Amino acid sequence: MTILNIAARTEQTHGSGEQIEISTLADKTGFPAEFIKEELLLSDDSVDINKLRELMLDYLQATMA
């Protein structure tokens, strides 16, 4: 199994401080950036990794039901 390191550590006052650029996530997964943003209801070009995990879990649970 390959683990992708797509998070970049930034200084922030909230969240984990690890931000993921949606364009990088798109490149690594093969999904278009706009599709990712639309399906996960994102408006920014980056997202906190903890928030991404929450959103992806919600998405998987909703689509698997």
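Here the structure is shown first, and the text comes after it.
Residues numbered from 1 in each chain as written. Predicted model: local features only at pLDDT ≥ 70, side-chain atom pairs only at ≥ 80, totals over all residues. Heavy atoms only, no water.

### Regarding the overall build of the protein chain
Secondary structure assignment for the protein chain yields 3 helices and 3 strands. Put simply, the protein chain has 65 residues, and 25% of those count as buried. Summarising the internal contacts of the protein chain: among those between residues at least 6 apart in sequence, 39% fall at separations of at least 24. As presented, the protein chain carries roughly 5000 Å² of accessible surface, and 54% of it is formed by carbon and sulfur atoms. (Helix = DSSP H or I, 4+ residues; strand = E, 2+ residues; numbered from the N terminus. Buried < 20%, exposed > 50% of the residue type's maximum accessible area, 1.4 Å probe, protein only. Contact = heavy atoms within 4.5 Å. Areas by Shrake-Rupley, 256 points an atom, 1.4 Å probe, with all protein chains shown as cover.)

### Focus: the pattern of salt bridges
Summed over all chains, the structure comprises 1 salt bridge. Residues Lys37 and Asp45 are paired through a salt bridge, measuring 2.9 Å at the closest nitrogen-oxygen approach. Its relative accessible area of 12% is what places Lys37 among the buried residues. (Salt bridge = Lys/Arg side-chain N within 4 Å of Asp/Glu carboxyl O.)

### A word on the nonpolar core
Counting 11 residues, the largest nonpolar core consists of Ile20, Ile22, Leu25, Ala26, Ile36, Leu40, Leu42, Val47, Ile49, Leu52 and Leu55. Of all the secondary-structure elements, those providing two or more residues to this core are α1 (22-29) and α3 (49-64). When near neighbours in sequence (up to four residues on either side) are disregarded, Ile22 contacts Ala33, Ile36, Lys37, Leu42, Asp44, Asp45, Ser46 and Val47. (Core = buried A, V, L, I, M, F, W, Y, C linked by side-chain atoms within 4.5 Å.)

### Some points on α3
With 16 residues, α3 extends 22 Å from end C-alpha to end C-alpha; this agrees with the ideal 22 Å at 1.5 Å per step. Ile49, Leu52 and Leu55 are the residues of α3 that are buried. Down the axis of α3, the sector holding all buried residues measures 115°, keeping them to one side. Those residues of α3 that are exposed and aimed more than 90 degrees away from the buried face are Arg53 and Ala62. Measuring from the backbone nitrogen of Asn50 back to the side-chain oxygen at the start of α3 gives 2.9 Å, which picks out Asp48 as the cap. (Expected span 1.5 Å × (residues − 1). Arc of directions from axis to C-beta. Polar contact = N/O pair within 3.5 Å; in protein donor to acceptor, adjacent residues only side chain to side chain.)

### Quick look at the side chain of Asp48
With respect to the helices, strands and loops of the structure, Asp48 is situated in strand β3 (residues 46-48). Put simply, Asp48 is tucked away with no salt bridge, and the nearest opposite charge, on Arg53, sits 7.1 Å away. Polar side-chain contacts of Asp48 include one of 2.9 Å to the backbone nitrogen of Asn50. (Lys, Arg positive; Asp, Glu negative; His and termini not counted.)

### Observations regarding the packing of aromatic side chains
A complete count under the given rule lists 1 aromatic pair for this structure. Geometrically, the ring pair formed by Phe31 and Phe35 is stacked, given 5.7 Å between the ring centres and 15° between the ring planes. (Phe/Tyr/Trp six-rings, centres within 6.5 Å; stacked < 30°, edge-to-face > 60°.)

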